[in-house]
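Structural overview
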Amino acid sequence: MMYAALNTKKILINAIECQNDDQYFCPTCCLPVKLVSAEEKPYFKHQSKSFNHINERDIHRMGKEKLFFAWQNFTGRLVEMEIYLPTIDQRPDILVGKKLAIEYQCALINVNKLNQRVKSYQMKRIDNLWILGGDYLSSTINRLHLKFIAYRPDWGFHLLMFDAKNDLLTLFFEIRFVGPFNKIIFRRKKFLY
């Protein structure tokens, strides 16, 4: 993450002071970067050649649909997509049997918003499962993922990632922190969709 970038006038600008209507460039390599303001502290990241906001929405939609059909085939319960729950003013990506909300989280979300959504589901007595994709995809676990770690007796502390483009679901399980610097260790299993 970088917290400063060059604007079109080649002036170094801090991410906190940025206007989203300007273009920004990496001060090291001069390639385009984009402002990410979904986290607590805004920052810049390099744009991939295929990245755009429409592509991000397409990735979310594609992943959500694949998860919906997989869950529909996996369970005998009613599986619904994007059903509005007026009492908590939320629309889970997938709702299974009115008792499990599945959220396919591709865009960065801050911990306060995540906590609010989880608490709303708990108030409705709906279990919730968060599956990470998009900006959260990684071959390892880093600080960005920690807010999504859940616990089950058979997996221990765990999290799930789904790469919708490559039809790959990854389960990170038995997640532990070791040593004086809290190194994250885990086991991993991959499943094809």
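Residues numbered from 1 in each chain as written. Predicted model: local features only at pLDDT ≥ 70, side-chain atom pairs only at ≥ 80, totals over all residues. Heavy atoms only, no water.

Next up on the list: the pattern of salt bridges. Following the criterion strictly, the structure yields nine salt bridges and no others. Between Asp154 and Arg152 there is a salt bridge, with its nearest N and O atoms 2.8 Å apart. Its relative accessible area of 48% is what places Asp154 among the partly exposed residues. Salt-bridge contacts for Glu174 lead to Arg187; the nearest nitrogen and oxygen are separated by 3.3 Å. On the criterion of sequence distance, the pair formed by Glu174 in strand β12 (residues 168–178) and Arg187 in strand β13 (residues 183–192) is long-range, its members being 13 residues apart. Taking the relative accessible area as the measure of exposure, Arg187 reaches 44% and is therefore partly exposed. Salt bridges sharing common partners tie together Asp58, Arg61 and Glu65. (Salt bridge = Lys/Arg side-chain N within 4 Å of Asp/Glu carboxyl O. Buried < 20%, exposed > 50% of the residue type's maximum accessible area, 1.4 Å probe, protein only. Helix = DSSP H or I, 4+ residues; strand = E, 2+ residues; numbered from the N terminus.)

This brings us to the pairing of β12. With five bridges connecting them, strand β11 (residues 156–163) and β12 associate as antiparallel partners. Bridging from a neighbouring strand, Phe162 pairs with Leu169 of β12. Counting the residues in the hairpin turn of β11 and β12 gives four residues, including Asp167, whose phi is positive at 50°. (Pairing = 2+ DSSP bridges.)

Here we take up the packing of aromatic side chains. According to the stated counting rule, one finds seven aromatic pairs in the structure shown. Put simply, the rings of Trp130, Tyr136 and Phe148 pair up and form one aromatic cluster. Between the NZ or CZ atom of Arg152 and the centre of the ring of Trp155, over which it lies, the distance is 4.4 Å. (Phe/Tyr/Trp six-rings, centres within 6.5 Å; stacked < 30°, edge-to-face > 60°. Lys NZ or Arg CZ within 6 Å of the ring centre and 35° of its normal.)

On to the nonpolar core. Among the nonpolar cores identified, the biggest contains 17 residues, and Ile94, Ile102, Tyr104 and Ile131 are the most heavily contacted of them. Listing elements by their share of this core, those giving two or more residues are α1 (53–74), β7 (94–96), β8 (100–105), β9 (127–132), β11 and β12. In contact with Tyr104, other than residues within four places in its own chain, are Ile59, His60, Gly63, Lys64, Leu67, Asp93, Ile131, Leu132, Gly133, Gly134, Phe162 and Ala164. Within the second largest apolar cluster, 15 residues are counted, among which are Val36, Leu114, Leu159 and Ile175. (Core = buried A, V, L, I, M, F, W, Y, C linked by side-chain atoms within 4.5 Å. Contact = heavy atoms within 4.5 Å.)

Let us now look at the side chain of Asp163. The residue Asp163 is located in strand β11 in this model. Buried charge without a partner: Asp163 forms no salt bridge, and the closest opposite charge is Lys165, 7.1 Å away. Residues in contact with Asp163, not counting those within four places in the same chain, are Leu137 and Leu168. (Lys, Arg positive; Asp, Glu negative; His and termini not counted.)

Its place among the elements puts Gly133 in the loop between β9 and β10 (150–152). Overall, Gly133 belongs to the buried group, its relative accessible area being 0%. Taking C-alpha positions, Gly133 is 9.9 Å from Lys64, a pair spaced 69 residues apart along the chain. If we ignore the near neighbours within four places in the chain, the residues touching Gly133 are Tyr104, Gln105, Cys106 and Phe162.

In this section: helix α2 (residues 111–123). With 13 residues, α2 extends 18 Å from end C-alpha to end C-alpha; this agrees with the ideal 18 Å at 1.5 Å per step. Buried within α2 are the following residues: Leu114, Arg117, Val118, Ser120 and Tyr121. All buried residues of α2 fall inside an arc of 155° around its axis, so they share one side. In α2, the exposed positions angled more than 90 degrees off the buried face are occupied by Asn112, Lys119, Gln122 and Met123. (Expected span 1.5 Å × (residues − 1). Arc of directions from axis to C-beta.)

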